[in-house]
Structure formats: C-alpha cells, structure tokens
Amino acid sequence: MSLRLLQHRASDGTRSVILANGAAAHVLEGVARTTDLARRAIAAGTSLVQEARACPVGPSIDLAAEFEAGRFLAPIDHEDPAHLALTGTGLTHLGSAEGRDKMHREAAAAAHQTDSMRMFLEGLEGGKPSDGRVGQQPEWFYKGDGSQLVGPGEPLEMPAFAQDGGEEPELAGIYLIGPDGTPFRLGFALANEFSDHVTERHNYLWLAHSKLRRAALGPELLIGEAPTDIRGTSRILRDGVVQWEKPFLTGEDNMSHSLANLEHHHFKYELFRRPGDVHVHFFGTATLSFSDAVRTQVGDVFEIEAAPFALPCRNPLTQTAGDASAPLKVQVL
C-alpha cells in the first residue's frame, strides 16, 4: 500500500496531519504540520515512514468526503512563507515515442538547433549518469516563495497582465533542509506547475516571466520512494463539461533525467541548503493542453489525477482584476 500524509484543517481552524494507507486514513495525534513530523524524524535519525507509523493514531477520516468539503491544505507549507521555495526543471520528460521521433528528425534536419532542442538532446545523452557521477544539468526556473503555493480547491490566479494561464501536470519533490544543511526528501506530490505559455512562446528568454506564477499541489504527500512509472490523466472542465483530456506520464522511466541528477543540480547551490527551509521542486512534464491549441478561460477547472495518489489536484482558474496597461510607479525616497 502507498503511504501518504495529508494536512487537514477542521472547521474551527485546528490543524492536523493524517496518515493514509490505501483507503484507510487516521489522524496522527500530536502532529499539526508535516514539517513537525519531518523534524522529529531528522532529529531521531529515522525515516518519515517510521516516524509516522510510530505516532499514536486518532480518529479515522473519510478522505473523499473531507476533500469535497475543502478541508485539506497543501501537504507541505512553512510557518514563514518566505522560507519555502517553489522551483522546477524543464525538458526532462521523453514524451510519446512519436514525439521523440519527430523531435529527433527535426533536430537532425535543422541547420541550426534551438537552445531548447540542444538542451533536450543533451539531457537524453547525459541526464541519467551512473552512480557517483554528475550528469548534464537541466533547464531550471524559479516560481516564487510559499505565498505562491496553492492548496486543494484554491484558485490558480493569473495576474492581470498575464496572456495565458495553462496547466502543467507534474510530480513535485518535497524537501526540508536539515540543521546541518542536508536536503531531506520528504516525498512527492501531484502538482499543477501552471505557467503563461503565450508569454513563453513569444520569446524563450521570457521563460522566467512565464514561470513567476502560482502553483498547486494535490492534497497527498507520497512518502518513501516514488514508483518509477506513474500514469495519470490531465483534464480541463468548463461548466462541469470536459473540454480537454489527455493521459500523461511521469516517473524516472518516462524521464530523460534521473531524480538524483535533478536534485543534485538544484541543491548544489548553497543558497538552497539553508537549514529549516522547505523546497517544492517540480520535475517537468511532456503534456500540455496548450500544445493542442487549447486556450483556457477564467472559470475553467484543472484536474490532475494519477495512481498511487487517491485524490486529484483540482483547482479553478481566476484572474486578478486591474488595468494591465497602467505602469507601476516606484516612489523615490
């Protein structure tokens, strides 16, 4: 059975952590945050799985009912949102066999390879190094701090100036930096990395702008090792009707980079090994509705689901009100 941790908030505001094993789920007594449990495990030199199993068990929980009632939080957060970093990698997934063949044919025929194509091919060649070796570094981007993290059912809000708000169904690694600067992987969550693909398409150098957006996590943190082959479905609903739906693949079997290689190239920076910080690191995708010429609308609902997660990552699309053409003025002191 797959062990998952969920963060729950009761109607009176009381927080708790739930351990789910298959369909069974119980409150863990004396634990208010996932990070509390993780800090205990680090201090004791045990694993998160062992620490969770050692906790006294409280009331049982109906996961589906609590999810529909909107009582789950993102499975990780930080008391100070400034100490949670949202980052990610791109061009890491193989995609379909047809897509790979098409990319290779175009790469071989092109007089000049784009930077994206070169990075993709370099990842295919060197993204999964043998043990003890450093592989090719991937594309990397920054999305924001914990203020940009969206929990189950909460809106993915586009800025007023955004040209697009599109889903990216992904697996995200969740990390806590230990007291000595060691990164500890707590587990994995289903995620919607949410980007502005129109802005990115205009010029690849605008990728950084397109990524400074909110990002959503599903309610469950899968603890322990992740399956190497994860198969799910990404869909967009409009007024309750499916407008677009497509399967997506993730996990190392479907990637050009190993997780260890992606983790190395993120945490090699001392900046990202600050004790006590939380990191949510998105591992990329090969499936986008934007690639199928779909344009999302305010009010659309993104839904991403994949086993062994029991609950989906589901969020509506909204947009900040305001005049995007009005320049922001800085006041001189």
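Residues numbered from 1 in each chain as written. Predicted model: local features only at pLDDT ≥ 70, side-chain atom pairs only at ≥ 80, totals over all residues. Heavy atoms only, no water.

The chain appears in an unreviewed UniProt entry as Putative sugar transporter from Novosphingobium subterraneum.

**Side note on the overall build of the chain**
Looking only at helices and strands, the chain has 8 helices and 17 strands in total. Expected size for 333 residues packed as a compact globule is a radius of gyration near 20 Å; at 20 Å, the chain falls within 12% of this value. Oriented by its inertia axes, the alpha-carbon framework of the chain measures out at about 65 × 55 × 50 Å. Across the 333 residues that make up the chain, the buried fraction comes to 49%. Within the structure as shown, the chain displays about 15800 Å² of accessible surface, and the carbon and sulfur contribution to it stands at 52%. Within the chain, the 44 negative side-chain charges are centred at a point lying 2 Å from the centre of the 30 positive side-chain charges. (Helix = DSSP H or I, 4+ residues; strand = E, 2+ residues; numbered from the N terminus. Rg over C-alpha atoms; globule rule 2.2 N^0.38 Å. Buried < 20%, exposed > 50% of the residue type's maximum accessible area, 1.4 Å probe, protein only. Areas by Shrake-Rupley, 256 points an atom, 1.4 Å probe, with all protein chains shown as cover. Lys, Arg positive; Asp, Glu negative; His and termini not counted. Charge placed at Lys NZ, Arg CZ, Asp CG, Glu CD.)

**Some points on the pairing of strand β1 (residues 3–9)**
Within β1, 6 of the 7 residues are buried, which leaves the element mostly enclosed by the surrounding structure. Across 7 bridges, β1 lies against strand β2 (residues 15–21) in antiparallel orientation. Counted as the bridge partner of Arg9 is Arg15 from β2. Turn length for the β1-β2 hairpin, with the two strands adjacent in sequence and antiparallel, is 5 residues, and the turn residue Gly13 shows positive phi of about 90 degrees. Pairing between β1 and strand β12 (residues 220–222): 3 bridges, direction antiparallel. Bridge assignment links Leu6 to a residue of β12, and that residue is Glu220. (Pairing = 2+ DSSP bridges.)

**What to know about the pattern of salt bridges**
A side chain of one charge can pair with a side chain of the opposite charge if their charged atoms are brought near each other. Scanning all chains against the criterion turns up 23 salt bridges. The closest approach of N and O atoms between Glu68 and Arg314, which form a salt bridge, is 3.5 Å. Placement of the pair is Glu68 in helix α3 (residues 63–68) and Arg314 in strand β17 (residues 313–319), with a sequence separation of 246 residues. Accessibility expressed as a relative area gives 55% for Glu68, which makes it exposed. Residue classification places Arg314 among the partly exposed positions, given a relative accessible area of 26%. Note that Glu193 is salt-bridged to Lys143, the shortest N-O span being 2.9 Å. Taken together, the residues Glu193 in the loop between β10 (183–192) and α6 (197–202) and Lys143 in strand β6 (residues 139–145) connect sequence positions 50 residues apart. Residues Glu193 and Lys143 agree in their burial class; the two are buried. When salt bridges that share partners are traced, they join Arg15, Arg33, Asp36, Arg39, Asp77 and Glu79 into one network. (Salt bridge = Lys/Arg side-chain N within 4 Å of Asp/Glu carboxyl O.)

**Observations regarding the sheet that holds β17**
Each strand in a sheet pairs with another by means of backbone hydrogen bonds, the pair being arranged parallel or else antiparallel. Strands sit in the order β8-β17-β16-β13-β14 across an open sheet of 5 strands; the sheet is mixed. For this open sheet the edge positions go to β8 (156–158) and β14 (241–250), each flanked by a neighbour on one side alone. Averaged over neighbouring strand pairs, the angle between their axes works out to 20 degrees when direction is ignored. For strand β13 (residues 230–238) and β14, the ladder comprises 9 bridges, and the chain directions are antiparallel. Its bridge partner lying in β14, Arg231 is registered against Leu249. (Axes fitted to C-alpha atoms, helices over the stretch in contact; angles between N-to-C directions.)

**A short note on a nonpolar patch on the surface**
On the surface, a cluster of nonpolar side chains totalling about 290 Å² of accessible area is made up of Trp140, Tyr142 and Leu212. Along the polypeptide, Tyr142 turns up in strand β6. We classify Tyr142 as partly exposed; its relative accessible area is 38%. (Patch = residues over 30% accessible without salt bridge, like charges linked within 9 Å, V, L, I, M, F, W, Y side chains within 5 Å.)

**A word on the packing of aromatic side chains**
Overall, the coordinates contain 5 aromatic pairs when judged by the stated rule. Judged by centre distance (5.0 Å) and plane angle (65 degrees), the ring pair of Tyr175 and Phe267 falls under edge-to-face. Taken together, the positions of Tyr175 in strand β9 (residues 169–177) and Phe267 in helix α8 (residues 259–267) put the pair 92 residues apart, joining distant regions of the chain. Take Tyr175 and Phe267: they sit in the same class, and that class is buried. The side chain of Lys211 reaches across the aromatic face of Phe141, ending 4.5 Å from its centre. (Phe/Tyr/Trp six-rings, centres within 6.5 Å; stacked < 30°, edge-to-face > 60°. Lys NZ or Arg CZ within 6 Å of the ring centre and 35° of its normal.)

**A few points about the environment of Glu167**
Within the element layout of this structure, Glu167 appears in the loop between β8 and β9. Along the primary structure Glu167 and Ser195 are separated by 28 residues, whereas in three dimensions their C-alpha atoms are 6.7 Å apart. When residues no more than four places from it in sequence are discounted, the contact partners of Glu167 are Asn192, His197, Ser234, Ile236, Trp244, Thr287, Leu288, Ser289 and Phe302. Among the polar contacts made by the side chain of Glu167, one reaches the main-chain amide nitrogen of Ser289 at a distance of 2.7 Å. (Contact = heavy atoms within 4.5 Å. Polar contact = N/O pair within 3.5 Å; in protein donor to acceptor, adjacent residues only side chain to side chain.)

**So, unusual backbone geometry**
At the junction of Ala307 and Pro308, the peptide bond is cis and its omega measures out at 10 degrees in the coordinates. Position of Pro308 relative to the elements: it lies in the loop between β16 (301–306) and β17. Phi is positive for Asp239, close to 55 degrees, though the residue is something other than glycine. Its place among the elements puts Asp239 in the loop between β13 and β14. Despite not being glycine, Ala293 has its phi angle at roughly 65 degrees, a positive value. With respect to the secondary-structure elements, Ala293 resides in the loop between β15 (278–282) and β16. Note on Ala293: relative accessible area 69%, which makes it exposed.

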